[in-house]
Structures are given as C-alpha cells and as structure tokens.
Amino acid sequence: MSIVSNLTQWFNKITKEQYDVTIYLSDGQIFPNGSTHIVVQLKKIKKLNSKYLSGTDINGRSYEFSSVEDFNYEVKKIY
C-alpha cells in the first residue's frame, strides 16, 4: 500500500468511524416507543456489557443506557 492510501484510511477511521448498536430487550419487554429494539448510532463506545452502554453519539453528545435486567445487543462497525 502506498503512503497516500494509508493516510487516507487513517483519516477516514478518525473522522468517519461509526458503530450501530442495536439493543434488544429480553422477556418480551418493549421500549416506550412500542418497539422491542432500538438502534443507537455511536462514534465511540466507552463501555458495553449486558446491563450498560456508554458512549458518544454521532453528534458528539454523551449517550448512556442502563437496565436492571440483562439485554442483548449487536454491534455493527461502519466506516
């Protein structure tokens, strides 16, 4: 790979890196909007486990989701 290609990849990773995190509630529970899942677009994930999600959304604001009960999640990396 050329230096220009490497620099372009590095620049895209820094400026355009994004994660789509889908959160699924268990035991048939639903979110207030009536859906069984939500999709959150984050540019940085700080902490993610089965009860807690923390990160920075694509607008630069802090995002936090926590639950007493476990939830399932799926992470898709977009760039």
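Here the residue index of a chain counts from 1 through its sequence in written order. The predicted nature of this model means local features are confined to residues of pLDDT at least 70 and side-chain atom pairs, given and counted, to a pLDDT of 80 or more, with totals for whole chains, interfaces and linings taken over all residues. Where side-chain values are given, they derive from all heavy atoms of the structure, hydrogens and water being excluded.

(A) Layout of the environment of Ile45. Inspection of the secondary structure assignment puts Ile45 in strand β2 (residues 37–48). Considering only alpha carbons, one finds Ile45 and Asn59, 14 residues apart in sequence, at a separation of 14 Å. Only heavy atoms matter for contacts: two residues are in contact if any of them lie within 4.5 Å across the pair. Contacts of Ile45, omitting those with residues within four sequence positions, involve Tyr19, Val21, Leu53, Ser54, Gly55 and Val75. Under the scheme used here, helices are H or I runs from DSSP no shorter than 4 residues and strands are E runs no shorter than 2 residues, and both carry numbers assigned from the N terminus.

(B) Expanded view of the sheet that holds strand β3 (residues 52–57). Note on pairing: two strands pair once DSSP finds at least 2 bridges between them. Read from one edge to the other, the open sheet built from 5 strands follows the order β4-β3-β2-β1-β5, with strand pairing classed as antiparallel. The open sheet has two free edges, formed respectively by β4 (62–66) and β5 (71–78), since each of these has just one partner strand. Along the sheet, successive strands turn relative to each other by an average axial angle of 45°, direction set aside. Bridge count between strand β1 (residues 18–25) and β2: 6 bridges; the pairing is antiparallel. To get an axis, a line is fitted to the C-alpha atoms, and for a helix only the part in contact is used. The angle between two axes follows their N-to-C directions and goes from 0 to 180 degrees.

(C) Broad picture of the confidence of the model for the chain. By definition, pLDDT measures how confident the predictor is in each residue, and it falls between 0 and 100. On average, the chain scores 89 in pLDDT, and the residues at 70 or more come to 99%. The least confident element of the chain, judged by mean pLDDT, is helix α1 (residues 3–16) at 78; the most confident is β4 at 96.

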